[in-house]
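Reading the structure
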Amino acid sequence: MNNRIIKICMFALLVGGVSFTADAQRTSKKKQAANAQNPPPTNEQVNSKAPITNFNSTIPIRVDSSGGSDTAIHKSLRNDNAFDKGFVNDRTPLAYEHLRWDDALYTEKVWRELDLREKMNQTFRYQADDDNGSQMFINILLKAVNSGEVMAFNATDDRFTTPMAASEISLLTQGTADTSEVRDVDDPNKIKEYVVTRASFDAKTVTKIRIKEEWVFDREASRMFCRIIGIAPLKTQFNANGTERGSTVMFWVYYPDLRPILAKYEVYNPKNQGYGRMTWEELFEARMFSSYIVKSTLDNSSNKTIRQMIKDPILALLEGDNIKERIFNYEQDLWSY
């Protein structure tokens, strides 16, 4: 009798264990199916600001904006100077002298880079606020692009063929977004909420500027002209350990479109705070900056940069200096003394 009771109890326990296992498997499959149908929002969806529709709508999304910063510049309600500076906003750049194609005896396109960390280029990193906004050059450039005063072109083409959309520019100047899951403390398998964090854009990460220009010797005027064609900011990329990995072009701006805006901003001059201050347009036209050449169209049938042809960085810098000297000597050699 006792053996029969024991057998019945063991059979009942076996049936219960099988039922529990089946229920657990059905529940796990249901969770997997729900997660497959409603995955969390991806970083690409958040960055593109597209509507996220393929996630569980019952889970709340919280946007953490603590990393952002308020870049709005408040205008002074009183005159912040001892003199009237109203004429600054009315300044316009001088028109370029017309150059005829028939008179262009010598032409050469040159790409050069400005390292803003050099001593001569410290004015590009001057940090101050004025009524017309931040006085740092990269902030002046970004303000002109974000406001629509100047069109930004795709970084992959320096011929200004592909305009960039406002959403693309916003991603470059607002930092990247990252989506993380916050799980319940009591139930780690349960997602409590999604948190979207966006890193603020730091203008100091732009440590280089690339310039595209063309040198033309005009035989009618018997002199060499240099015309800047485009400007591109280069954003520095860092490795996980904080070391610098390299620089990438953010976008290209057509310089003649930017000249009227640069004429309204003054360059910081540590030696003379008064009349000696010039505008950014005057600085570029007077070429008061330090740079090195990274590419030239002369003797470059493969259209490569100097670093692509010369791997050694010191020899590449020396080749850039050779190109500078070649342009200088071309004009000087046409004169006889």
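That block above? That's the structure.
Scoring rules and cut-offs
Residues numbered from 1 in each chain as written. Predicted model: local features only at pLDDT ≥ 70, side-chain atom pairs only at ≥ 80, totals over all residues. Heavy atoms only, no water. Helix = DSSP H or I, 4+ residues; strand = E, 2+ residues; numbered from the N terminus. Buried < 20%, exposed > 50% of the residue type's maximum accessible area, 1.4 Å probe, protein only. Contact = heavy atoms within 4.5 Å. Areas by Shrake-Rupley, 256 points an atom, 1.4 Å probe, with all protein chains shown as cover. Phe/Tyr/Trp six-rings, centres within 6.5 Å; stacked < 30°, edge-to-face > 60°. Pairing = 2+ DSSP bridges. Salt bridge = Lys/Arg side-chain N within 4 Å of Asp/Glu carboxyl O. Axes fitted to C-alpha atoms, helices over the stretch in contact; angles between N-to-C directions. Parallel < 35°, antiparallel > 145°, perpendicular 65-115°, else oblique. Left-handed = near helix turned anticlockwise from the far one by under 90°. Nonpolar A, V, L, I, M, F, W, Y, C, P; charged D, E, K, R; others polar. Lys, Arg positive; Asp, Glu negative; His and termini not counted.

1. With respect to the overall build of the protein chain
- What the protein chain contains, in helices and strands, is eight helices and 12 strands.
- By residue count, 32% of the 337 residues in the protein chain fall in the buried class.
- A separation of at least 24 residues holds for 64% of the contacts in the protein chain among residues at least 6 apart in sequence.
- Carbon and sulfur atoms form 53% of the exposed surface of the protein chain, whose accessible area is close to 21,700 Å².

2. Regarding unusual backbone geometry
- Look at Phe160: it is not a glycine, yet its phi comes out positive at around 60°.
- Its location among the elements puts Phe160 in the loop between strand 5 (152-153) and helix 4 (166-174).
- By relative accessible area, Phe160 is classed as buried at 17%.
- Positive phi, normally seen in glycine, also occurs at Asn303, with a value near 55°.
- Position of Asn303 among the secondary structure elements: in the loop between strand 12 (292-296) and helix 7 (306-309).

3. Considering the packing of aromatic side chains
- Enumeration according to the criterion identifies 14 aromatic pairs in this entry.
- Pairing Tyr106 with Tyr330 gives two aromatic rings, centres 4.2 Å apart and planes at 25°, and the pair type is stacked. Of this pair, Tyr106 sits in strand 2 (residues 104-115) while Tyr330 sits in helix 8 (residues 313-333), placing them 224 residues apart in sequence.
- Taking the relative accessible area as the measure of exposure, Tyr330 reaches 25% and is therefore partly exposed.
- Arranged with centres 4.1 Å apart and planes meeting at 10°, the rings of Tyr126 and Tyr268 form a pair that is stacked. Of this pair, Tyr126 sits in the loop between strand 2 and strand 3 (129-130) while Tyr268 sits in the loop between helix 5 (255-262) and helix 6 (280-286), placing them 142 residues apart in sequence.

4. Overview of the pairing of strand 9 (residues 223-238)
- Counting buried residues in strand 9 gives 12 out of 16 residues, a clear majority hidden from the surface.
- Here strand 8 (residues 206-218) pairs with strand 9 via 12 bridges, running antiparallel. If you follow Val216 over to strand 9, its bridge partner there is Phe225.
- Linking two consecutive strands that pair antiparallel, namely strand 8 and strand 9, is a turn of four residues; a positive phi of about 55° is found at Ser222 within it.
- Sheet topology places strand 9 next to strand 11 (residues 252-254); two bridges connect them, and they run antiparallel. For Ile231, the partnering residue across the bridge sits in strand 11 and is Val253.
- Both strand 9 and strand 10 (residues 244-249) contribute to a ladder of five bridges, which runs antiparallel. Bridge pairing links Lys235 to Thr248 in strand 10.

5. Some points on the pattern of salt bridges
- Counted by the stated rule, this structure contains 14 salt bridges.
- Here Arg326 and Glu108 are joined by a salt bridge, their closest N and O atoms 3.0 Å apart. Of this pair, Arg326 sits in helix 8 while Glu108 sits in strand 2, placing them 218 residues apart in sequence.
- A relative accessible area of 28% means that Arg326 is categorised as partly exposed.
- A relative accessible area of 1% places Glu108 in the buried class.
- Taken together, the shared-partner salt bridges connect Arg100, Asp102, Asp103 and Arg219 into one network.

6. Concerning the packing of helix 3 (residues 137-146) against helix 5
- One way to put it is that helix 3 packs onto helix 5 with a least axis distance of 11 Å and a crossing angle of 110°. Taken together, the axes of helix 3 and helix 5 are roughly perpendicular relative to one another. The handedness of the crossing between helix 3 and helix 5 is right-handed. Seen from helix 3, the contacting residues are Phe137, Ile140, Leu141 and Ala144; seen from helix 5, they are Leu258, Ile261 and Leu262.
- Each residue belonging to the contact of helix 3 with helix 5 can be placed in one class, and the counts come to seven nonpolar, no polar and no charged.

7. Notes on the side chain of Lys208
- Among the secondary structure elements, Lys208 is positioned in strand 8.
- Notably, Lys208 is buried but unbridged: the nearest opposite-charge side chain belongs to Glu113, and the N-O separation is 4.3 Å.
- The contact partners of Lys208, leaving out residues within four places of it in the chain, are Glu113, Leu114, Asp115, Leu116, Arg117, Pro233, Leu234, Ser247 and Tyr292.

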